[in-house]
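The chain contents come next:
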Amino acid sequence: MSDSNSVRRMKPRVALVATLVVWMIFFVLSIIMAVSTEPTGDGFTRGMNRTMVFLTWQVAAFVVSLISFFLARDKTSNSSKTLRFIGKTPLYTHCVILIFVVGVVLYTILTN
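No experiment lies behind these values; they were computed from the predicted model shown.

Asker: Requested: an account of the overall build of the protein, with residues and values cited.
Answerer: A tally of regular secondary structure across the protein gives 3 helices and 0 strands. Listed by position from the N terminus, the elements making up the protein come as α-α-α. Counting all 112 residues of the protein, 22% fall into the buried class. Contacts in the protein between residues far apart in sequence, at least 24 positions, make up 63% of those at least 6 positions apart. Here the protein has roughly 8,400 Å² of accessible surface; of this, 71% comes from carbon and sulfur atoms.

Asker: Tell me about helix 1 (residues 12–36), residues and numbers included.
Answerer: An ideal rise of 1.5 Å per residue puts 36 Å on 25 residues; helix 1 measures up with 36 Å between its terminal C-alpha atoms. The set of residues buried in helix 1 consists of Ala15, Leu16, Thr19, Leu20, Trp23, Phe27, Ser30 and Ala34. Tucked into the core, helix 1 has its buried residues touching helix 2 (48–72) and helix 3 (81–111).

Asker: Pulling in residues and values, what's your account of the layout of surface pockets?
Answerer: Rolled over the atoms, a probe with the dimensions of a water molecule shows which regions are left empty. Counted as a void, the largest pocket has a volume near 320 Å³. Lining the largest pocket we find Met48, Thr51, Phe54, Leu55, Ile97, Phe100, Val101, Val104 and Val105. Those elements that provide at least two residues to the lining of the largest pocket are helix 2 and helix 3. Counting residues per element, the ones that place at least two in the lining of the second largest pocket are helix 2 and helix 3. Among the residues making up the lining of the second largest pocket, the classes are represented as 8 nonpolar, 2 polar and no charged.

Asker: Kindly report on the packing of aromatic side chains, identifying the contributing residues and their values.
Answerer: All told, the structure shown has 4 aromatic pairs when counted by the stated rule. A centroid spacing of 5.6 Å and a plane angle of 80 degrees characterise the contact between Phe69 and Phe70, whose relative ring orientation is edge-to-face. Among the aromatic residues, those joined into a ring-pair cluster are Phe69, Phe70 and Tyr92.

Asker: Before we move on, could you go through the packing of helix 1 against helix 3 and cite the residues and values that matter?
Answerer: At a minimum axis distance of 9 Å, the contact between helix 1 and helix 3 shows a crossing angle of 30 degrees. Put simply, helix 1 runs roughly parallel to helix 3. As helix 1 packs across helix 3, the resulting crossing turns out to be left-handed. For the pair helix 1 and helix 3, the contacting residues are Arg13, Leu16, Val17, Leu20, Trp23 and Phe27 in the first and Leu83, Ile86, Gly87, Pro90, Thr93, His94 and Ile97 in the second. Across the contact of helix 1 with helix 3, the residue classes break down as 9 nonpolar, 3 polar and 1 charged.

Asker: Can you explain the environment of Met33? Please cite residues and give values.
Answerer: When you line up the elements, Met33 lands in helix 1. A sequence separation of 24 residues divides Met33 from Trp57, and the C-alpha atoms of the two residues are 8.6 Å apart. Those residues in contact with Met33, other than ones at most four positions away along the chain, are Val53 and Trp57.

Asker: Mind laying out helix 2, listing which residues take part and the relevant values?
Answerer: Along its 25 residues, helix 2 runs 35 Å from first to last C-alpha, staying within 8% of the 36 Å computed at 1.5 Å per residue. Residues of helix 2 that are buried make contact with helix 1 and helix 3.

Asker: Pulling in residues and values, what's your account of the side chain of Ser65?
Answerer: Turning to its location among the elements, Ser65 is positioned in helix 2. A polar contact of 2.7 Å, which involves the side chain of Ser65, links it to the backbone oxygen of Phe62. Residues within four places of Ser65 in sequence aside, it is in contact with Trp23, Pro90, Leu91 and His94.

The rules behind each value
Residues numbered from 1 in each chain as written. Predicted model: local features only at pLDDT ≥ 70, side-chain atom pairs only at ≥ 80, totals over all residues. Heavy atoms only, no water. Helix = DSSP H or I, 4+ residues; strand = E, 2+ residues; numbered from the N terminus. Buried < 20%, exposed > 50% of the residue type's maximum accessible area, 1.4 Å probe, protein only. Contact = heavy atoms within 4.5 Å. Areas by Shrake-Rupley, 256 points an atom, 1.4 Å probe, with all protein chains shown as cover. Expected span 1.5 Å × (residues − 1). 1 Å grid on protein atoms, 1.4 Å probe; cavity = no way out; pocket = protein on both sides within 12 Å on 5 of 7 lines; lining within 4 Å. Points joined across faces, edges and corners; volume = space filled by probe spheres on them. Nonpolar A, V, L, I, M, F, W, Y, C, P; charged D, E, K, R; others polar. Phe/Tyr/Trp six-rings, centres within 6.5 Å; stacked < 30°, edge-to-face > 60°. Axes fitted to C-alpha atoms, helices over the stretch in contact; angles between N-to-C directions. Parallel < 35°, antiparallel > 145°, perpendicular 65-115°, else oblique. Left-handed = near helix turned anticlockwise from the far one by under 90°. Polar contact = N/O pair within 3.5 Å; in protein donor to acceptor, adjacent residues only side chain to side chain.

Okay, here's the thing in structure tokens:
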């Protein structure tokens, strides 16, 4: 490394696997932290802190899933099709969760 301008970059495959691991950690943490948090508040707002903890970790996981999605789109790397598909699944998972939450909210609004 005699050249001062040379920069070592992470290989796309390693970066993709690393983002998948970080996403999985954030996703599991969102569930564990929400379940282990004691509900506070009275009446309608009781347990709202659990929802906020869950959503906070889910937003962090969503950001990582976006990074994973864009890394998985790179067809020039030597990543297999399976790894590229797995790299896109976190974003698809968040889309399914979003559709479910919107569906529950709409169902609640429309039935009242």
